[in-house]
Amino acid sequence: MAKEKPFNGGNWTASRKRSFIYSTLRSGRWPVKYQCIKDAERGTRINPETGRKRKVYLCSDCGELFPQKEVVADHISPIVPVTGFDTWDAFIGRLFCEIDGYQALCKECHQKKTNIENKKRKEARNV
């Protein structure tokens with residue numbers, strides 16, 4: 001049985017529409033997110049690969065220093081709770097949080113945190 005597609009001229013399901021809105025909101029350039037990375041800057045060090053100076057940033061989790069391309073601004077509380085999507089108002093509130101809702105993480109620590117959150121989401125769905 002085909003899913004009902006009442007959106008975008010009959011081309012999208014409700015799930016596809018929600019995914020589009022979610023992606024569009026996430027692509028916004030919230031200045032606070034970039035301030036989080038700026039606040040994590042800890043000066044310059046010599047890049048061992050090139051011999052040039054580069055800015056380094058502190059990972060809030062492991063405490064190591066990384067170049068900017070290896071650091072992300074992470075929402076401390078997941079944008080979508082591990083219990084699943086609740087409301088757009090709550091989602092938007094968590095997405096566009098203030099600086100105290102962010103932490104700078106290296107990509108490895110961020111991936112570990114994401115994996116834990118995804119595992120909890122999976123467990124919550126299976127309850």
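Quick caveat, the model's predicted, so the values are computed rather than measured.

Can you help me understand the sheet that holds strand β3 (residues 65-66) in this one?
On the basis of which strands lie adjacent, the open sheet formed by 3 strands has the order β1-β2-β3 and antiparallel pairing. Two strands lie at the open edges of the sheet, namely β1 (41-46) and β3, each paired on one side alone. In this structure, strand β2 (residues 53-58) lies alongside β3, joined through 2 bridges in antiparallel fashion. Bridging across to β3, Tyr57 finds its partner in Phe66.

I keep staring at the nonpolar core and nothing clicks. Help me out?
Here is a general trend for soluble globular proteins: nonpolar side chains tend to be buried in one another's company. Ranked by size, the top nonpolar core spans 15 residues in total, and within it Ile37, Cys59, Val71, Tyr102 and Ala104 carry the most contacts. Sorting elements by how many residues they give to this core places strand β5 (residues 102-106) first, with 4 residues. Leaving out residues up to four positions away in the same chain, Tyr102 has contacts with Trp30, Val32, Lys33, Cys36, Ala73, Asp74, His75, Ile76, Leu95 and Cys97.

What is the right way to look at helix α4 (residues 107-125) in this model?
Given 3.6 residues per turn, any residue in an α-helix points the same way as the ones three and four places further on. Between the first and last C-alpha of α4 there are 27 Å, a value that for 19 residues agrees with the 27 Å anticipated at 1.5 Å per step. Within α4 the residues assigned to the buried category are Cys109, Lys113, Glu117 and Arg121. The buried residues of α4 all sit within an arc of 115 degrees when viewed along its axis, so they share a single face. For α4, the exposed residues lying more than 90 degrees away from the buried face are Glu108, Lys119, Lys122 and Arg125. Where α4 is buried, its residues meet β4 (71-75) and β5.

What is the right way to look at the environment of Lys69 in this model?
Looking at the element boundaries, Lys69 is found in the loop between β3 and β4. Its relative accessible area of 65% is what places Lys69 among the exposed residues. Separated by 38 residues in sequence, Lys69 and Lys107 have C-alpha atoms that sit 8.9 Å apart.

Could you clarify how one ought to interpret the packing of aromatic side chains in this entry?
To describe a pair of aromatic rings, one takes the distance between the centres and the angle between the planes. Inspection of the entire model under this criterion finds 6 aromatic pairs. Aromatic pair Tyr22 and Phe91: ring centres 5.0 Å apart, planes at 45 degrees, arrangement tilted. A residue pair is termed long-range when its members are at least 10 positions apart, and Tyr22 in helix α1 (residues 14-26) and Phe91 in helix α3 (residues 88-95) qualify at 69 residues. The class for Tyr22 is partly exposed, based on a relative accessible area of 28%. The class for Phe91 is buried, based on a relative accessible area of 0%. Through pairs of rings, three or more aromatic residues link up here, namely Tyr22, Phe85, Trp88 and Phe91. In this structure, Arg16 packs its charged tip against the face of Trp12, placed 4.3 Å from the ring centre. Here the guanidinium or amino end of Arg18 rests over the ring plane of Phe85, the centre of that ring lying 4.9 Å away.

Reading the values: the criteria
- Residues numbered from 1 in each chain as written.
- Predicted model: local features only at pLDDT ≥ 70, side-chain atom pairs only at ≥ 80, totals over all residues.
- Heavy atoms only, no water.
- Pairing = 2+ DSSP bridges.
- Helix = DSSP H or I, 4+ residues; strand = E, 2+ residues; numbered from the N terminus.
- Core = buried A, V, L, I, M, F, W, Y, C linked by side-chain atoms within 4.5 Å.
- Buried < 20%, exposed > 50% of the residue type's maximum accessible area, 1.4 Å probe, protein only.
- Contact = heavy atoms within 4.5 Å.
- Expected span 1.5 Å × (residues − 1).
- Arc of directions from axis to C-beta.
- Phe/Tyr/Trp six-rings, centres within 6.5 Å; stacked < 30°, edge-to-face > 60°.
- Lys NZ or Arg CZ within 6 Å of the ring centre and 35° of its normal.

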